[in-house]
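Residue-level listing of the chains:
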Amino acid sequence: MASTTANAAGATDRVGKARLGGTLYRGDPGMWSWVAHRITGVLVFFFLFVHVLDTALVRVSPHAYDEVIATYKSPIMILFELGLVGAVLYHALNGIRVMLVDFWGKGIKYQRPMLWTIVGIWLLVMIPGSYYLISKGIAELFGGS
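Treat the numbers as computed from the prediction; the structure is a model and nothing was measured.

**Quick notes on the layout of surface pockets**
Once rolled over the atoms, a probe with the size of a water molecule shows which space is left empty.
Then comes step 1: Put simply, the largest pocket is a space of about 500 Å³.
Then comes step 2: In this structure, the largest pocket is lined by 16 residues; those nearest its centre are Phe47, Met77, Phe80, Glu81 and Leu84.
Then comes step 3: Mapped onto the lining of the largest pocket, the elements with two or more residues apiece are α2 (29-60), α3 (62-72) and α4 (75-103).
Then comes step 4: The biggest single contributor to the lining of the largest pocket is α2, with seven residues.

Given below as structure tokens:
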């Protein structure tokens, strides 16, 4: 009984020391990948929810639908579109990584290199995509074609 009490006291001290830094996690890239996956999943869900609502608006009032679609063509919405593309792309790539970690025997061993691979792919796709969307927004903002 005494050894159990001593071990429990030691465990409490370790937990207390671990929480002095502010978080239980220490900023590991895998933890941030998990957080980003959850955030992008919620963002994509809300986009789909709004998309279903604005598409359903065409049955209620075609004129109101046209007004909503016109607001989507404003240059500021291009930034939201860019964020949506980034969120969907990251969520999809990280989802593939999560499936490989879960169902591939060596997935846990290679989870960190897979994370950096998806970050690299994400950047390779987002940099030219960002350039295209931002240049399109600037052209529309200043009356270009």
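**Looking at the packing of aromatic side chains**
For any pair of aromatic rings, geometry is given as the distance between the ring centres together with the angle between the planes.
Then comes step 1: The final tally for this structure, using the stated rule, is two aromatic pairs.
Then comes step 2: When the ring of Phe45 is compared with that of Phe46, the centres are 5.6 Å apart and the planes differ by 65 degrees; the resulting orientation is edge-to-face.
Then comes step 3: On the basis of relative accessible area, Phe45 is assigned to the exposed category, the value being 53%.
Then comes step 4: For the pair Trp104 and Tyr110, a centre-to-centre distance of 5.7 Å together with 20 degrees between the ring planes defines the contact as stacked.

**Looking at the UniProt feature "transmembrane region" (unreviewed entry) in the protein**
Then comes step 1: Within the UniProt annotation, "transmembrane region" (unreviewed entry) is assigned to residues 31-53, 74-93 and 113-134.
Then comes step 2: Across residues 113-134, helical content stands at 100% and strand content at 0%; the span's end C-alpha atoms are separated by 31 Å.

**Focus on the side chain of Ser33**
Then comes step 1: Looking at the secondary structure, you find Ser33 in helix α2.
Then comes step 2: For Ser33, a relative accessible area of 3% corresponds to the buried category.
Then comes step 3: Leave out the neighbours within four places in its chain, and Ser33 touches Tyr90, Asn94, Arg97 and Leu115.

**Some points on the nonpolar core**
Then comes step 1: Of all hydrophobic cores here, the largest spans nine residues; its members are Ile78, Leu82, Leu89, Tyr90, Leu93, Leu115, Ile118, Met126 and Leu133.
Then comes step 2: Taken together, the elements giving at least two residues each to this core come down to α4 and α5 (111-141).
Then comes step 3: Broken down by element, this core gets its largest block of residues, five residues, from α4.
Then comes step 4: Excluding residues that lie within four positions of it along the chain, Ile78 makes contacts with Leu133, Lys136, Gly137 and Glu140.

**Thoughts on the environment of Leu123**
Then comes step 1: Relative to the helices and strands, Leu123 is located in helix α5.
Then comes step 2: In this structure, the C-alpha to C-alpha distance between Leu123 and Gly86, residues 37 residues apart in sequence, is 9.3 Å.

**Overview of the packing of α2 against α5**
Then comes step 1: Between α2 and α5, the shortest axis-to-axis distance is 10 Å and the interhelical angle comes to 55 degrees. In this view, α2 runs oblique relative to α5, as classed from their interaxial angle. Every pair of crossing elements has a handedness; the one defined by α2 and α5 is left-handed. Contacts between α2 and α5 involve Pro29, Gly30 and Ser33 from the former and Arg112, Leu115 and Trp116 from the latter.
Then comes step 2: The residue inventory of the contact of α2 with α5, partitioned by class, reads three nonpolar, two polar and one charged.

**Comments concerning the packing of α2 against α3**
Then comes step 1: Contact geometry of α2 with α3 gives a least axis separation of 6 Å together with a crossing angle of 145 degrees. Here α2 runs over α3; the crossing is left-handed. Residues Val50, Asp54, Thr55, Leu57, Val58 and Val60 of α2 form the contact with α3, whose participating residues are Pro62, Ala64, Tyr65, Val68 and Tyr72.
Then comes step 2: For the contact of α2 with α3, the class distribution of residues is nine nonpolar, one polar and one charged.

Criteria and cut-off values
- Residues numbered from 1 in each chain as written.
- Predicted model: local features only at pLDDT ≥ 70, side-chain atom pairs only at ≥ 80, totals over all residues.
- Heavy atoms only, no water.
- 1 Å grid on protein atoms, 1.4 Å probe; cavity = no way out; pocket = protein on both sides within 12 Å on 5 of 7 lines; lining within 4 Å.
- Points joined across faces, edges and corners; volume = space filled by probe spheres on them.
- Helix = DSSP H or I, 4+ residues; strand = E, 2+ residues; numbered from the N terminus.
- Phe/Tyr/Trp six-rings, centres within 6.5 Å; stacked < 30°, edge-to-face > 60°.
- Buried < 20%, exposed > 50% of the residue type's maximum accessible area, 1.4 Å probe, protein only.
- UniProt positions renumbered as here; feature names shortened; annotations may be inferred.
- Contact = heavy atoms within 4.5 Å.
- Core = buried A, V, L, I, M, F, W, Y, C linked by side-chain atoms within 4.5 Å.
- Axes fitted to C-alpha atoms, helices over the stretch in contact; angles between N-to-C directions.
- Parallel < 35°, antiparallel > 145°, perpendicular 65-115°, else oblique.
- Left-handed = near helix turned anticlockwise from the far one by under 90°.
- Nonpolar A, V, L, I, M, F, W, Y, C, P; charged D, E, K, R; others polar.

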